[in-house]
Amino acid sequence: MPSPTQRVLARVPARLRPALVRHRRLVKFLLVGAACFVLTVVVDFELKFTVLEHKPVVALTVATVLATVVSYLLNRSWAFRAAGRGREALLFFLVSAVAIGVNDLPLVFSRYALDLREPYVGPLTQEIADFVSGMVVGTFVAMLFRFWAMRRWVFTRSVERARPGPPPGPEPGYAAPGIPQDVPQDTRWGA
């Protein structure tokens, strides 16, 4: 039975498969990030338009912290497939605390340095500025920082390298050179 990853790879054009397999850690990191981005947006808007109406930076911070916990669980078990280390969680949350600050800076700058808030601008302009500065710019810069820092300091040992014994073969769900394992090939079309 093919894994979910194998089924998805089977639907990707053949010329893209090798690049996706070669950069699978980055692809998985970006997929986790996309899911956590959606979670952040939903939680941020829920908080900002209800209980934290006049505190947009706090709403963004709470939403980002929640998404960070989800990100840790998904990155550790799926994107980086990290071997357990005692201080891994501490390092992850230290890096993430810095990244949350990086994520908040564009919103703080937009709101309080550029005064893109009511009564200086209209409510629609304020919301667009908040979204672009906090969600788009802040998340993008924080994502770049997180990927670099996670690879450098947090998830430094993969599960495969942590196991003693002979070097492992390809990661489960991937086959060299970029063809999914256990996916029937249609030989009628020369694939």
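Quantities reported herein were computed from a predicted structural model and do not represent experimental measurements. (Residues numbered from 1 in each chain as written. Predicted model: local features only at pLDDT ≥ 70, side-chain atom pairs only at ≥ 80, totals over all residues. Heavy atoms only, no water.)

> Quick question: what am I supposed to make of the overall build of the protein here?
Across its full length, the protein holds seven helices and zero strands. Reading the protein from its N terminus to its C terminus gives the helix and strand order α-α-α-α-α-α-α. Expressed as a percentage of the 191 residues in the protein, the buried residues total 35%. A sequence separation of at least 24 residues applies to 71% of the contacts in the protein between residues at least 6 apart. On the protein, roughly 11,500 Å² of surface is accessible, and the fraction owed to carbon and sulfur atoms is 68%. (Helix = DSSP H or I, 4+ residues; strand = E, 2+ residues; numbered from the N terminus. Buried < 20%, exposed > 50% of the residue type's maximum accessible area, 1.4 Å probe, protein only. Contact = heavy atoms within 4.5 Å. Areas by Shrake-Rupley, 256 points an atom, 1.4 Å probe, with all protein chains shown as cover.)

> Teacher, can you tell me more about the nonpolar core here?
A general trend in soluble globular proteins is that nonpolar side chains are found buried together. Ranked by internal contacts, the top residues of the largest apolar core, which has 15 residues, are F80, F92, V95, M150, V154 and F155. Of all the elements in the fold, those that place two or more residues in this core are α3 (24-48), α4 (56-79), α5 (88-113) and α6 (123-154). Considering each element in turn, this core owes the most residues, four residues, to α6. (Core = buried A, V, L, I, M, F, W, Y, C linked by side-chain atoms within 4.5 Å.)

> Looking at this structure, how should I read the packing of aromatic side chains?
Each aromatic ring pair is summarised here by two numbers: the centre-to-centre distance and the angle between the ring planes. In the structure shown here, the tally under the stated rule is eight aromatic pairs. Grouped by ring-pair contacts, the aromatic residues F45, F49 and F131 constitute a single cluster. (Phe/Tyr/Trp six-rings, centres within 6.5 Å; stacked < 30°, edge-to-face > 60°.)

> I keep staring at the environment of G138 and nothing clicks. Help me out?
Examined against the element boundaries, G138 turns out to sit in helix α6. When the C-alpha atoms of G138 and G101 are compared, they prove to be 9.1 Å apart, with 37 residues separating the residues in sequence. Other than its neighbours up to four places away in sequence, G138 contacts N103, P106 and S133.

> Hey, could you run me through empty space enclosed by the protein in this one?
Any empty space left between atoms is shown by rolling a water-sized probe over those atoms. Tallied over the entire structure, the rule returns one cavity of 30 Å³ or more. If you add up the space inside the largest cavity, you get close to 60 Å³. Lining the largest cavity are D44, F45, K48, P56, L60, L107, D130, F131, G134 and M135. At the level of elements, α3, α4 and α6 are the ones that each hand at least two residues to the lining of the largest cavity. Ranked by the residues each element gives to the lining of the largest cavity, the list is headed by α6, at four residues. Of the residues assigned to the lining of the largest cavity, the class counts are six nonpolar, one polar and three charged. (1 Å grid on protein atoms, 1.4 Å probe; cavity = no way out; pocket = protein on both sides within 12 Å on 5 of 7 lines; lining within 4 Å. Points joined across faces, edges and corners; volume = space filled by probe spheres on them. Nonpolar A, V, L, I, M, F, W, Y, C, P; charged D, E, K, R; others polar.)

> I would appreciate a short explanation of the confidence of the model for the protein in the present structure.
Regions with low pLDDT should not have their predicted coordinates read in detail. Counting all residues, the mean pLDDT for the protein is 80, and 78% of those residues have values of 70 or more. Within the protein, α5 carries the highest mean pLDDT (90), whereas helix α7 (residues 159-162) carries the lowest (48). Across residues 176-180, confidence stays below pLDDT 50; counting only partners more than four residues off in sequence or on other chains, it has eleven contacts. Ignoring residues within four places in sequence, the model shows residues 186-191, a span with pLDDT below 50, making two contacts including any to other chains. (pLDDT = per-residue confidence, 0-100.)

> Is there a simple way to explain a nonpolar patch on the surface in this structure?
A contiguous nonpolar surface patch, about 710 Å² in accessible area, is contributed by L124, I128, V132, V136, V137, F140, V141 and L144. Mapped onto the elements of the fold, V136 is located in helix α6. (Patch = residues over 30% accessible without salt bridge, like charges linked within 9 Å, V, L, I, M, F, W, Y side chains within 5 Å. Salt bridge = Lys/Arg side-chain N within 4 Å of Asp/Glu carboxyl O.)

> How should the packing of α4 against α6 be read in this particular structure?
The description of two helices packed together rests on the angle between their axes and the distance between the axes. The interhelical angle for the contact between α4 and α6, taken along N-to-C directions, is 35°, at an axis separation of 12 Å. As α4 packs across α6, the resulting crossing turns out to be right-handed. Contacts between α4 and α6 involve P56, L60, T64 and T68 from the former and D130, G134, M135 and R146 from the latter. Here the contact of α4 with α6 is built from residues that sort into three nonpolar, three polar and two charged. (Axes fitted to C-alpha atoms, helices over the stretch in contact; angles between N-to-C directions. Left-handed = near helix turned anticlockwise from the far one by under 90°.)

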